[in-house]
Amino acid sequence: MGTVSVDAPRGGTVTRRFETGVRALDRKLDGGIPAGSLVTLLADPASQAELFLSGFAARQATVYLSGEQAPTAVTSALRSQRGTYDDLSVSQLNREAPVSDALGHVESLGSESLLVVDPVGPLERADAGEFRAFLETLQARLAQTDSVAVLYALKHDAAPAQRHRTEYTSDVVFDLETTRAEDVIENRLFVPKFRGGRALTEPIRLDLTDRISVDTSRDIA
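Presented here is a report on the structure given in the accompanying data block. (Residues numbered from 1 in each chain as written. Predicted model: local features only at pLDDT ≥ 70, side-chain atom pairs only at ≥ 80, totals over all residues. Heavy atoms only, no water.)

**Some points on the packing of aromatic side chains**
Geometry of an aromatic ring pair is reported as the spacing of the ring centres plus the angle between the planes.
So, point 1. Under the criterion given, the structure shown has two aromatic pairs.
So, point 2. Judged by centre distance (6.4 Å) and plane angle (50°), the rings of Phe52 and Phe56 are tilted. Of the two residues, Phe52 and Phe56 are both situated in helix 2 (residues 50–57); the distance of four residues between them amounts to about one turn of the helix. The residues Phe52 and Phe56 share a single accessibility class, namely buried. (Phe/Tyr/Trp six-rings, centres within 6.5 Å; stacked < 30°, edge-to-face > 60°. Helix = DSSP H or I, 4+ residues; strand = E, 2+ residues; numbered from the N terminus. Buried < 20%, exposed > 50% of the residue type's maximum accessible area, 1.4 Å probe, protein only.)

Here it is in structure tokens:
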């Protein structure tokens, strides 16, 4: 996920954007995700949504916080995908104190970096005041460093009680919908919220195999 500068209106400032790695999506988002944005990625646990995370982390200084998997497993999975991961730091969140652990990483986040929390569930299950303070600190740090954070939020029947706070605070929400129709798996990406630009009124149909590509068979690109 590289960065690009997007021309601003006359008299305005240049907005730096982080590319998602999906060209059709970046075009629709006017170049990508604005620096300073907090992003929530909603997806089913059995989907290939990790491809988005690996695409985000490629070619970008990345701090990757794993709430479930061991760092070695995350690193191996990332490096198995296309792209280079020269500046990648993977840490496992302290399960006894995930919020305070995550805060330490947020406060040390470098300039124009990417922070990934995979998944964000352990933080959402923490004390409401702690989680609110985490989101506030994270937003402030992203603005200070021109960075982007992606919170990977798993969709399931027992979503954490604070999921609404995650989505409400986020500047951008990606909602990946995965459905099975007979012998076909369909993936549709919705962008219902985009504070730094225009939300998408229609989904983008994607093929998620060992990489992400737009499903052109349905004439959406």
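**What about the sheet that holds strand 8 (residues 148–154)?**
So, point 1. Spatial strand order, 6-5-7-8-4-9-10-11-12: nine strands in an open sheet with mixed pairing. The open sheet terminates on both sides in strands that have one partner only, identified here as strand 6 (88–92) and strand 12 (212–214). With strand direction ignored, the average angle separating the axes of adjacent strands in the sheet is 25°.
So, point 2. Pairing of strand 4 (residues 38–43) with strand 9 (residues 172–181), which is carried by four bridges, proceeds in the parallel orientation. Among the inter-strand pairings, Leu41 is bridged to a residue of strand 9, identified as Phe174.
So, point 3. Strand contacts of helix 3 (residues 71–79): strand 5 (62–66) and strand 6, with the helix running at about 145° to strand 6, the strand carrying the most contacts. (Pairing = 2+ DSSP bridges. Axes fitted to C-alpha atoms, helices over the stretch in contact; angles between N-to-C directions. Contact = heavy atoms within 4.5 Å.)

**Concerning the pairing of strand 7 (residues 114–118)**
So, point 1. A large share of strand 7 lies buried, amounting to five of its five residues.
So, point 2. Along strand 7, one buried face is formed by Leu114, Val116 and Asp118 and the opposite face, lined by Leu115 and Val117, is buried too.
So, point 3. The pairing of strand 5 with strand 7 spans five bridges and is parallel. Residue pairing across strands places Thr62 opposite Leu114, the latter belonging to strand 7.
So, point 4. Here strand 7 runs beside strand 8; their pairing, made up of four bridges, is parallel. Residue pairing in the sheet places Val117 in a bridge with Leu151 of strand 8.

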